[in-house]
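Secondary and tertiary structure notes
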Amino acid sequence: MKIEKYSSNYKIIWDKFVKNSKNTHFFFLRDYMEYHSDRFEDFSLMVFDEMNKLITILPSNVKEKVLYSHQGLTFGGFIVDDKMKTETMLEIFDLLKHFLKEHDIKKLVYKCIPYIYHIKPSEEDRYALFRNDAKLIGRDVTSTIDLTEQVRYSKGRKWTINKAKKESIQTFQSDDYEIFWELLTGVLESNHEAKPVHTLDEIKKLASFFPKNIKLFLAKKDERIVSGALIYENQNIVHTQYLANNHEGRELGALDLLIDYLIKDIYKNKKYFDFGISNEDAGRYLNTGLISQKEGFGARAVVHDFYELEIK
């Protein structure tokens, strides 16, 4: 086997492998990864077997002699297809350690892909991390609904949804990213003194590249937009990338109604509905108010694990 660093010459073969993998996600495609190429020094890797066939890829970047499974992505370790076996993954880790040592990289920080994003079981890398004495350095908790089971809301969520219905809140899909970004940035600034990870131009560009995966839904009272949800849709799972609810929306229960619309109508045939994490400080701090709202919709815990492997 051999490892090669990704270059643009490999774009077609890289994207084809992502699309056919068993732990795929559209944000591993190069058109997504490269929207923030100015912020990260790409050091993505490709592993070929003795027949020069691509057998796995690692979306990654390098910073200060540390290789990260890409810092610009929510998660992502080795992307593999259905032919990957555990023994092969152990061999790949041995090869990776040798490769990184040759390139004077001192450490690997690795973000595992949560099982809910697997099309088929794909945890060969977790076993290889264990066998190589990798250290667990972070554990975020995301909140996920299993849509194959009956979804059970708390009394509080049912009450606010019914309230929003009585207020004649309308929910609908939209492509008006400008009005949503105005809502989102206003809410983040006033409530958290924060900004979205993406700029408006970036999200519009990504949505144009991936119209089947990135979708916007809004809620309005009369003609006023009061809530919104930007969704990342993958094969079996949808993820709420951004949720926004202004003061009027909170008073009316508009966001709860919008989420109910997504769960019960738009995405009822998906397997999972993922709200994202409620953590800070590598999982040491839990925002109990935020996770309580998600759990009120019947969502329960799935972890995002972060590992560190010293290269010796």
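So, here is what we can say about the structure in this document.

Quick notes on the rules
- Residues numbered from 1 in each chain as written.
- Predicted model: local features only at pLDDT ≥ 70, side-chain atom pairs only at ≥ 80, totals over all residues.
- Heavy atoms only, no water.
- Buried < 20%, exposed > 50% of the residue type's maximum accessible area, 1.4 Å probe, protein only.
- Helix = DSSP H or I, 4+ residues; strand = E, 2+ residues; numbered from the N terminus.
- Arc of directions from axis to C-beta.
- Contact = heavy atoms within 4.5 Å.
- Phe/Tyr/Trp six-rings, centres within 6.5 Å; stacked < 30°, edge-to-face > 60°.
- Lys NZ or Arg CZ within 6 Å of the ring centre and 35° of its normal.
- Pairing = 2+ DSSP bridges.
- Axes fitted to C-alpha atoms, helices over the stretch in contact; angles between N-to-C directions.
- Parallel < 35°, antiparallel > 145°, perpendicular 65-115°, else oblique.
- Left-handed = near helix turned anticlockwise from the far one by under 90°.
- Nonpolar A, V, L, I, M, F, W, Y, C, P; charged D, E, K, R; others polar.
- Salt bridge = Lys/Arg side-chain N within 4 Å of Asp/Glu carboxyl O.

1. Comments concerning helix α1 (residues 11–19)
Those residues of α1 that fall on the buried side of the exposure criterion are Trp 14, Asp 15, Phe 17 and Val 18. Down the axis of α1, the buried side of the element spans an arc of 160°, and every buried residue falls inside it. The exposed set on the far side of α1, more than 90 degrees from its buried face, consists of Ile 12, Lys 16 and Lys 19. Among the structural elements, α2 (30–33), β2 (45–48), β3 (54–58) and β6 (79–80) are those in contact with the buried residues of α1.

2. Some points on the packing of aromatic side chains
For the structure on display, the rule yields 27 aromatic pairs. Taking 5.3 Å as the distance between ring centres and 80° as the angle between the ring planes, the aromatic pair formed by Trp 181 and Tyr 242 counts as edge-to-face. One end of the pair, Trp 181, is in helix α6 (residues 177–192); the other, Tyr 242, is in strand β12 (residues 237–245), with 61 residues separating them in the sequence. Given a relative accessible area of 8%, Tyr 242 falls into the buried group. Ring pairs connect the aromatic residues Phe 26, Phe 27, Phe 28, Tyr 32, Tyr 35, Phe 75, Tyr 117, Phe 209, Phe 210 and Tyr 232, which therefore count as one cluster. Stacked on the ring of Phe 48, the Lys or Arg Lys 2 has its end atom at 5.8 Å from the ring centre.

3. As for the pairing of strand β4 (residues 60–63)
With four bridges connecting them, β4 and strand β5 (residues 66–69) associate as antiparallel partners. The residue of β5 that forms the bridge with Asn 61 is Tyr 68. The loop that links β4 with its antiparallel partner β5 comprises two residues; one of these, Glu 64, has a positive phi angle of about 50°.

4. Section: the packing of α6 against helix α7 (residues 200–209)
Running from amino to carboxyl end, α6 crosses α7 at an angle of 140°, the nearest separation of the two axes being 10 Å. In terms of orientation, α6 and α7 fall into the oblique class. α7 is crossed by α6, and the crossing has right-handed handedness. Counted together, Tyr 177, Glu 178 and Trp 181 of α6 and Leu 200, Ile 203, Lys 204 and Ala 207 of α7 form the full contact between these two elements. In the contact of α6 with α7, the residues fall into five nonpolar, no polar and two charged.

5. Some details on the sheet that holds β6
The strand order across the open sheet formed by four strands is β1-β2-β3-β6, and the pairing between neighbours is antiparallel. Both outer strands of the open sheet, β1 (2–5) and β6, are each paired with one neighbouring strand and no more. Relative to β3, β2 is paired through four bridges, and the arrangement is antiparallel. Pairing of Met 46 across the sheet is with Ile 57, part of β3.

6. Overview of the sheet that holds β12
Taken in spatial order, the 10 strands of this open sheet run β4-β5-β7-β16-β8-β13-β12-β11-β10-β9, and their pairing is mixed. The sheet terminates laterally at β4 and β9 (170–174), the two strands that pair on one side only. Pairs of neighbouring strands in the sheet enclose a mean axial angle of 25°, with direction left out of account. The pairing of β12 with strand β13 (residues 272–277) spans three bridges and is classified as parallel. Of the residues in β13, the one forming a bridge with His 239 is Asp 274. Most of the contacts of helix α3 (residues 86–102) go to strand β7 (residues 107–111), to which it runs at about 135°, and overall it touches β5, β7 and β16 (300–310). Helix α9 (residues 254–266) contacts β8 (135–146), β9, β10 (214–221), β11 (224–233), β12 and β13 of the sheet and is inclined by roughly 40° relative to β11.

7. Some details on the pairing of β2
On β2, burial covers both faces: Leu 45 and Val 47 on one face and Met 46 and Phe 48 on the other are all buried. In the sheet, β1 pairs with β2 via four bridges, with the strands oriented antiparallel. By the bridge assignment, Lys 5 is partnered in β2 with Leu 45. Count of turn residues in the β2/β3 antiparallel hairpin: five residues, of which Asn 52 carries a positive phi of about 65°.

8. Observations regarding the packing of helix α5 (residues 155–166) against α9
Angle between the axes and distance between the axes are the two parameters that describe a pair of packed helices. Their axes nearest at 8 Å, the elements α5 and α9 cross at an angle of 100°. When the axes of α5 and α9 are compared, the pair comes out roughly perpendicular. Mapping the contact onto sequence places Arg 157, Thr 160, Ile 161, Ala 164 and Lys 165 in α5 and Ala 254, Asp 256, Leu 257 and Asp 260 in α9.

9. A short note on the pattern of salt bridges
Under the counting rule described, the total for this entry stands at 24 salt bridges. The residue Lys 11 makes a salt bridge to Asp 31 at a minimum N-O spacing of 3.5 Å. Linking Lys 11 in helix α1 with Asp 31 in helix α2, this pair joins segments that are 20 residues apart in sequence. Using a relative accessible area of 29% as the deciding quantity, one classes Lys 11 as partly exposed. A relative accessible area of 34% means that Asp 31 is categorised as partly exposed.

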